[in-house]
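# Observations on the three-dimensional arrangement
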Amino acid sequence: MLDNLDTAVLGCDLDGRLVLFNNAARELLGAVLDVPVAQWPRRLGVVDEQGRPAEPDDVPLVRALRGDHVRDAELVLARDGEAPRTFRVRGRPVSDGTLATVIALHDVTLEARAARLKECELRISERLSKPEPADTVIADAVALLGDLLGWSATEFWTVDQVGQVLRRTTCWSDGSAMPCDLPDQLTEGEGLPGMAWQSSDSQWAADLHTDPHAARQSTDWGDLRGALAVPIPSGSATLGVLVCYSSTRETPDDMRTAVLTGIAAHFGELLERRRAEQATVELDRTRDEYIALVGHELRTPLTSIQSYTDAMRDDPGMDPGERAQMLEVMHRNTMRVHALIAKLLDVAGMRSGHIALQPRRIDLAAVVREAADTARIPGATVTVEVNAADQVLVDGDPHRLRHVVDELLRNALTWAPDGSTVGVNLHADDHTTVLAVSNTGARIPADDRAHVFELFFRTGNTTHPGAGLGLTLARAVVERHGGAITVSEPEEAATTFTVRLPTHHRPRDGGP
């Protein structure tokens, strides 16, 4: 009867020797059956709730042998090279002359895993809802995922929309694993993360050492064995990939796949929510700044034009010299308004895609050097130093990219102190071309840093003229080229604007 049960049943005598066991116990315990029960915790790999080797006196088997009544105690076996298994233990002392203790072990691994997965998803959802910077929240959630579910390592990869590659943005390890030391950039279809990105579907590796996709990522996985990679969704697009590693071989199962897919969706919702929040803040600020622009940047020159027009109409016999002076002021203000409106239309056209790019294969290094030569003023105390390869080929609109370089140089020269150097660095790889323009002038205040590319924004401590449109237009041009533009942190030694462009052009929606 006992041999027909799935539950392992054991019986020990007063000396702790096993005198009764069924087939389920034999399959579970194997060679351990030949040693005293007191040695089982070490031989079986019994661990506590933190995954550490359990103290023998705390193990339900030992307690039951000691004469304690054990009812529904949890026992976790973590043998080397095997996935942990969870058992519900019941034991009680008996007295029939031969048996001293009878113990039953019921395998509840799936039930325990389901409970942990549910708790993990809830806690990660709560963590991702915190109003802290996205990078901090994601790093905490990735560590929480690994810790709660007993993974050896977890990592988060972000799709770099510029270079069209995956970049590892955060990695957690329990100290025994080493994926954080592996290359932090993968192409689409490369390695397990690249396969998850390419297929937009979860990918399992039962054994990293023999999996052909994992071999494209690394040939030395150390103690790691199994892995699961889950894409981070945003509609039909993939924003990133969440990867979990274990030190044991893994058997793919639908339960973990489904829950990890749900957790990945929470990450995707966080990224989309932060983007929407940023867009809302920028829209509100743009509206306020537009009102201010109409009230000052447009009204001031228009008021001047109207005043001089009225003066000339009221005095037909005005002195020709005075009339010519007024006409010059009117012309200057008209050009000022015209330039402002033209730039506004340019920004709007670039953002909406109504202004078409004219991309072709160009040498960006030549564009940068020409812009630097134009920016250099004979006798000026600020120098411009260009560090670039002889040739850097990209797909782009040379006129529009020249405008971006001109704007970054103009901005750097405006703020650079006398006797300093504006640095221009340009380099590229097969995926991404990077242009960085630096100056050592006054830092951008921390509160202003997030707004420098917004329409009409001007930092609060500036006395320099301008409507705050140059960097906005530069960002629009860069983004239409499929790139991104960022500014350095306030605490860094120099203020650096960095443009990242795809080496091969992939246009954004809205135009060629």
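Just so it is clear, the structure is predicted and the values come from calculations on it, not from any experiment. (Residues numbered from 1 in each chain as written. Predicted model: local features only at pLDDT ≥ 70, side-chain atom pairs only at ≥ 80, totals over all residues. Heavy atoms only, no water.)

## What about the nonpolar core?
Quick note on the threshold: Here, the term nonpolar core denotes a set of buried Ala, Val, Leu, Ile, Met, Phe, Trp, Tyr and Cys residues that are joined through side-chain atoms within 4.5 Å. Partly exposed residues are those whose accessible area sits between 20% and 50% of the maximum for their type, while under 20% is buried and over 50% is exposed, using a 1.4 Å probe and protein chains only. Only DSSP runs of H or I with at least four residues qualify as helices, and only runs of E with at least two residues qualify as strands; both kinds are numbered from the N terminus onward. Contacts: residue pairs with any heavy atoms within 4.5 Å of one another.
Counting residues in hydrophobic clusters, the biggest one holds 38 residues, and the most contacted among them are L408, L409 and L435. Taken together, the elements giving at least two residues each to this core come down to α10 (364-375), β14 (383-388), α11 (398-415), β16 (421-428), β17 (432-439), α13 (470-480), β18 (484-487) and β19 (495-502). Among the elements that take part in this core, α10 stands out by supplying seven residues, more than any other. In contact with L435, other than residues within four places in its own chain, are V368, V405, L408, V424, N425, L426, F497, T498 and V499. Counting residues in hydrophobic clusters, the runner-up holds 29 residues, among them C120, I263, A264 and L270.

## Quick look at the packing of aromatic side chains
Put simply, the rule reads: Working definition: a ring pair exists when centres of Phe, Tyr or Trp rings (six-membered ring for Trp) sit within 6.5 Å. Plane angles under 30 degrees give stacked, over 60 give edge-to-face, the rest tilted.
This structure, assessed with the given rule, holds two aromatic pairs. Measuring from ring centre to ring centre gives 5.4 Å for F156 and F267, while their planes differ by 35°; the resulting arrangement is tilted. You can see F156 sitting in strand β7 (residues 153-160) and its partner F267 sitting in helix α8 (residues 254-314), a full 111 residues away along the chain. The burial state of F156 is the same as that of F267; both residues are buried. When the ring of W221 is compared with that of Y245, the centres are 5.8 Å apart and the planes differ by 35°; the resulting orientation is tilted. Of this pair, W221 sits in the loop between α7 (212-217) and β11 (226-234) while Y245 is found in strand β12 (residues 237-246), placing the two residues 24 residues apart along the sequence. Given the relative accessible area of 1%, W221 is considered buried.

## Digging into the sheet that holds strand β1 (residues 8-12)
Selection criterion: Two strands are said to pair when DSSP picks up at least two bridges between them. Note on method: axes are straight lines fitted to C-alpha atoms, helices fitted across the in-contact stretch only, with angles between N-to-C directions ranging 0 to 180 degrees.
Pairing within the open sheet is antiparallel, and its six strands lie in the order β2-β1-β6-β5-β4-β3. The open sheet has two edge strands, β2 (18-21) and β3 (46-47), and neither has a second partner. Pairing geometry for β3 and strand β4 (residues 70-77), over two bridges, is antiparallel. Bridging across to β4, V46 finds its partner in L77. Helix-sheet contacts for helix α4 (residues 109-128) involve β5 (85-93) and β6 (101-107), and the interaxial angle to β5 is about 120°.

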